[in-house]
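# Tertiary structure, described
So you can see what is in the structure, the chains are spelled out below.
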Amino acid sequence: MLKMILVFFSAIILSCGSTEKQTQSATTSETTTTTETSETVDPQKMIAEGYTLGTIIYSEKEGDCPYTIQMPGDKMEFFYLHPINLEKVYKKDGLKVWVKFTGLRRMNRCDRATPAEINDIKIGG
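Treat the numbers as computed from the prediction; the structure is a model and nothing was measured. (Residues numbered from 1 in each chain as written. Predicted model: local features only at pLDDT ≥ 70, side-chain atom pairs only at ≥ 80, totals over all residues. Heavy atoms only, no water.)

### A word on the state of the cysteines
Using the following cut-off: Whenever a pair of cysteine sulfur atoms sits within 2.5 Å, that pair is classed as a disulfide. Here a strand is any run of E in DSSP of at least two residues, a helix any run of H or I of at least four, and the numbering for each starts at the N terminus. Only protein chains enter the accessibility calculation, which uses a 1.4 Å probe; a residue whose area is less than 20% of its type maximum is buried, one above 50% is exposed, and one in between is partly exposed.
Under the definition given, this model contains one disulfide. A sulfur-sulfur separation of 1.2 Å characterises the disulfide bridge that pairs C65 with C110. Here C110 lies in the loop between strand 6 (96–103) and strand 7 (113–123) and C65 lies in the loop between strand 3 (52–58) and strand 4 (67–72), a separation of 45 residues in the sequence. Summarising the burial analysis for this pair, C65 and C110 share the class buried.

### What to know about the environment of N108
To be explicit about the condition: In the analysis that follows, any N or O atom pair within 3.5 Å is treated as a polar contact, provided that within protein one partner can donate a hydrogen and the other can accept it, and provided that, for residues neighboring in sequence, both atoms belong to side chains.
Mapping N108 onto the fold places it in the loop between strand 6 and strand 7. When the C-alpha atoms of N108 and C65 are compared, they prove to be 9.8 Å apart, with 43 residues separating the residues in sequence. Reaching out from N108, the side chain makes a polar contact with the backbone oxygen of A113 at a distance of 3.4 Å.

### Brief notes about the pairing of strand 4
So the rule is basically this: Paired strands are those between which DSSP finds at least two bridges.
In the sheet, strand 3 pairs with strand 4 via four bridges, with the strands oriented antiparallel. Following the sheet pairing, I56 is matched in strand 4 by I69. When strand 4 meets strand 5 (residues 78–83), the two strands line up antiparallel, connected through four bridges. Opposite M71, over in strand 5, you have F79 as the bridge partner.

### As for the sheet that holds strand 7
So the rule is basically this: Under this scheme, a helix contributes an axis fitted over its contacting stretch, all axes are lines through C-alpha atoms, and angles between N-to-C directions fall in the 0 to 180 degree range.
Here five strands make up a closed barrel; going around it, the order is 3-4-5-7-6 and the pairing mixed. Neighbour-to-neighbour, the strand axes of this sheet turn through a mean angle of 55 degrees, independent of strand direction. Of the pairings in the sheet, the one linking strand 3 to strand 6 comprises four bridges and is antiparallel in character. Paired with L53 across the strands is W98, a residue of strand 6.

### Quick notes on the pairing of strand 7
Note: strand 5 against strand 7, four bridges, orientation parallel. Of the residues in strand 7, the one forming a bridge with Y80 is A113. By the bridge criterion, seven bridges tie strand 6 to strand 7 in an arrangement that is antiparallel. Directly across from V97, in strand 7, lies its bridge partner I123.

### Re the packing of aromatic side chains
Formally: Stacked, tilted and edge-to-face are the three classes applied to pairs of Phe, Tyr and Trp rings, where Trp contributes its six-membered ring and a pair requires centres within 6.5 Å; stacked means planes under 30 degrees apart, edge-to-face means over 60, and tilted covers the rest. Remark: a charge is flagged as sitting over a ring if the NZ atom of Lys or the CZ atom of Arg is within 6 Å of the ring centre and within 35 degrees of the ring normal.
Taken as a whole and judged by the stated rule, the model has one aromatic pair. Seen from their ring centres, Y58 and Y67 are 5.0 Å apart, and the 50 degrees between their planes marks the pair as tilted. Of the residues examined, Y58 reaches a relative accessible area of 36% and is grouped as partly exposed. With a relative accessible area of 21%, Y67 lands in the partly exposed category. Over the ring of Y80 we find R112; its NZ or CZ atom is 4.0 Å from the centre of that ring.

### Observations regarding the nonpolar core
The tendency in soluble globular proteins is for nonpolar side chains to be buried as a group. Here is the rule: Take the buried Ala, Val, Leu, Ile, Met, Phe, Trp, Tyr and Cys residues and link them wherever side-chain atoms come within 4.5 Å; each set so joined is a nonpolar core. Any two residues having at least one pair of non-hydrogen atoms within 4.5 Å are treated as being in contact.
Core analysis: the largest hydrophobic core is formed by 15 residues, its most contacted members being I69, M71, L81, Y90, V97, F101 and I121. Contributing elements (two or more residues each) for this core: strand 4, strand 5, strand 6 and strand 7. Ranked by residue count, the leading element in this core is strand 7, at four residues. Among all residues touching V97, those that are not within four sequence positions of it are T52, L53, G54, I56, I69, Y90, I121, K122, I123 and G124. In terms of nonpolar packing, the next biggest core, distinct from the first, is built from five residues, I57, C65, Y80 and C110 among them.

So this is what it looks like as structure tokens:
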């Protein structure tokens, strides 16, 4: 429950901000190219559309899920998602992805990750 509240507040915090800061970021931010469609990804547009930038993490440790997505949290901390429907193309350690997800109310299969269903995912970052 605490993790879900953290995810909710993180999304709110990421979507808030002054227009001056957003304008400045939009003019100085670099765009990245996705490998799947070779279109340009604008970070401000992705955030406005409800995506969050995360990093695919691979682990062989006992009790960890093989693939998780490291998501930004409060105060420079991270939380981890265990995507139940992560496609093979995204199973690359260190890959930056833009993701929309829904937290699932089911028992955790991993020690540190919260189960989540990926609604949409794009390579970028």
